[in-house]
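Residues per chain are reported as follows:
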Amino acid sequence: MLRENSAPQAHRMIELWRGEMVESVHAGHAVICDASGAVVDSWGDADAPIYPRSSAKMIQALPLLESGAGAELTPQHLALACASHQGAAIHTDAVARWLADMGLGESDLRCGAHDPYDSDSRDTLVRAGDAPCQLHNNCSGKHAGFLMLNRHLRGGAEYVEADHPVQRAVLEAFEAVTGETAPGYGIDGCSAPNFITTVTGLARAMAAFAAASDSGDARARAMVRLREAMMLHPELVAGEGRACTELMRAMGQQAAIKTGAEAVFVAILPQQRLGIALKIVDGGTRASEAAIAALLIRAGVLDAGHPAAQARLGGPIHNRRGLLTGYLRAAPGFPG
């Protein structure tokens, strides 16, 4: 049995201050790996096993390109394949067109439906008395990519099953880039398998994306295409008001970053040839966003004074009357 990803080994990372007192504390694990896959810095337990959740979408998209199935896809398609999007029209319309171009439709998806996170799209559905569909699922772009790979592999309709050729291809890519054998998997919110790795394994994978070049093999070229698509189209990777989109814009194509449920966050830094992965053990998204901001600032790719950074770390917190109530800050010694 896997050991518990528990707090005692975690590093104190983020503090919420109210007045003169620390009101809440978030602890976690974080790792930075270099191009060789070696750990160059870490906090907490570098070997803590985690589900990477949606932070692994770039890895899940690798077989789509390596196989040749996605050779003609645009950067917009690839950004959507890596996305946890808002379900705004810019996202759902693009996924619908992608499916239609394959001769497929919304019913071919296996991600399930949920309300769009985008308020305009949600309000439009409410006014029309319509229910959300699978296009609104934040993972619909990833699933469109799965369907394109599935068409190439001539697999069955249930492409999210763990023993399906699509997911076997994903597992092979996952284990190769993490440098670890996955000890198991859980079912993600979108119904696809989510394979277990360590925080180090996930950082090692991101470092591989960072170090990849167009002169490399098919996998390296796929990594370049995916990371570049994310940096070119941050609006498709998440959406307005979201950390992934706003922080990538703030960094001016110096890094590709991706959140995952339950407070996972990763970063790909091509210029430094570094990969970052972190997990906040209490699952708090505000803390994972603050922690990745702190690490990106330390890496020199994010300006601490940029509004997008301040919104996640160090900026003032006001109440509904506009009164200053506190700050979300990096804990002493993190990231150092």
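Residues numbered from 1 in each chain as written. Predicted model: local features only at pLDDT ≥ 70, side-chain atom pairs only at ≥ 80, totals over all residues. Heavy atoms only, no water.

S.K.: Help me out: how do you make sense of the environment of glutamine 60 in this one?
M.R.: Checked against the element boundaries, glutamine 60 lands in helix 1 (residues 57-60). Placed 39 residues apart in sequence, glutamine 60 and leucine 99 show a C-alpha to C-alpha distance of 18 Å. Other than its neighbours up to four places away in sequence, glutamine 60 contacts Lys142, Phe146, Val170, Pro193 and Asn194. Here lysine 142 takes part through its side chain, which lies 3.4 Å from a polar atom of the side chain of glutamine 60. (Helix = DSSP H or I, 4+ residues; strand = E, 2+ residues; numbered from the N terminus. Contact = heavy atoms within 4.5 Å. Polar contact = N/O pair within 3.5 Å; in protein donor to acceptor, adjacent residues only side chain to side chain.)

S.K.: Before we go on, may I ask you to explain the packing of helix 4 (residues 89-101) against helix 6 (residues 140-153) in this structure?
M.R.: The axes of two packed helices give the description: the angle between them and the distance between them. Look at helix 4 against helix 6: their axes get within 10 Å of each other, and the N-to-C directions meet at 10 degrees. Accordingly, the angle class assigned to the pair helix 4 and helix 6 is roughly parallel. Together, Val95, Trp98, Leu99 and Asp101 of helix 4 and Ser140, Gly141, Ala144, Gly145, Leu147, Met148 and Arg151 of helix 6 make up the contact between the two elements. For the contact of helix 4 with helix 6, the class distribution of residues is six nonpolar, three polar and two charged. (Axes fitted to C-alpha atoms, helices over the stretch in contact; angles between N-to-C directions. Parallel < 35°, antiparallel > 145°, perpendicular 65-115°, else oblique. Nonpolar A, V, L, I, M, F, W, Y, C, P; charged D, E, K, R; others polar.)

S.K.: I tried to follow the side chain of histidine 136 on my own but got confused; where do I start?
M.R.: Its place among the elements puts histidine 136 in the loop between helix 5 (119-128) and helix 6. Given the relative accessible area of 11%, histidine 136 is considered buried. (Buried < 20%, exposed > 50% of the residue type's maximum accessible area, 1.4 Å probe, protein only.)

S.K.: Is there a simple way to explain the pairing of strand 10 (residues 274-280) in this structure?
M.R.: Remember that side chains alternate between the two faces of the sheet whenever the strand is regular. Burial analysis of strand 10 places six of its seven residues in the buried class, which makes it a mostly covered element. Inspection of the sheet shows strand 2 (residues 21-33) paired to strand 10 by six bridges, in the antiparallel sense. When the sheet's bridge partners are listed, histidine 29 is paired in strand 10 with lysine 279. Across six bridges, the pairing between strand 9 (residues 264-269) and strand 10 is antiparallel. Within strand 10, the position partnered with leucine 269 by the bridge is leucine 274. The turn joining strand 9 and strand 10, which pair antiparallel and follow one another in sequence, is formed by four residues; a positive phi near 55 degrees is taken by arginine 273. (Pairing = 2+ DSSP bridges.)

S.K.: How do you make sense of the pattern of salt bridges when you look at a structure like this?
M.R.: A side chain of one charge can pair with a side chain of the opposite charge if their charged atoms are brought near each other. Under the definition given, this model contains 12 salt bridges. The partner of glutamate 158 in a salt bridge is arginine 110, with the nearest N and O atoms 3.1 Å apart. With a gap of 48 residues between them, glutamate 158 in the loop between helix 6 and helix 7 (165-178) and arginine 110 in the loop between helix 4 and helix 5 connect regions that are remote in the sequence. Since its relative accessible area comes to 34%, glutamate 158 is described here as partly exposed. We classify arginine 110 as partly exposed; its relative accessible area is 24%. (Salt bridge = Lys/Arg side-chain N within 4 Å of Asp/Glu carboxyl O.)

S.K.: Would you take a moment to explain the packing of aromatic side chains for this structure?
M.R.: Aromatic rings considered in pairs are described by the distance between their centres and by the relative angle of their planes. Considering all chains together, one arrives at four aromatic pairs under this definition. Ring geometry for tyrosine 185 and phenylalanine 195: centres 6.0 Å apart, planes at 65 degrees, overall edge-to-face. In this pair, tyrosine 185 is assigned in strand 5 (residues 185-187) and phenylalanine 195 in strand 6 (residues 193-195), connecting sequence segments 10 residues apart. Taken together, the ring pairs connect Phe174, Tyr185 and Phe195 into an aromatic cluster. The ring of tryptophan 17 carries the charged tip of arginine 329 above its face, separated from the ring centre by 5.9 Å. (Phe/Tyr/Trp six-rings, centres within 6.5 Å; stacked < 30°, edge-to-face > 60°. Lys NZ or Arg CZ within 6 Å of the ring centre and 35° of its normal.)

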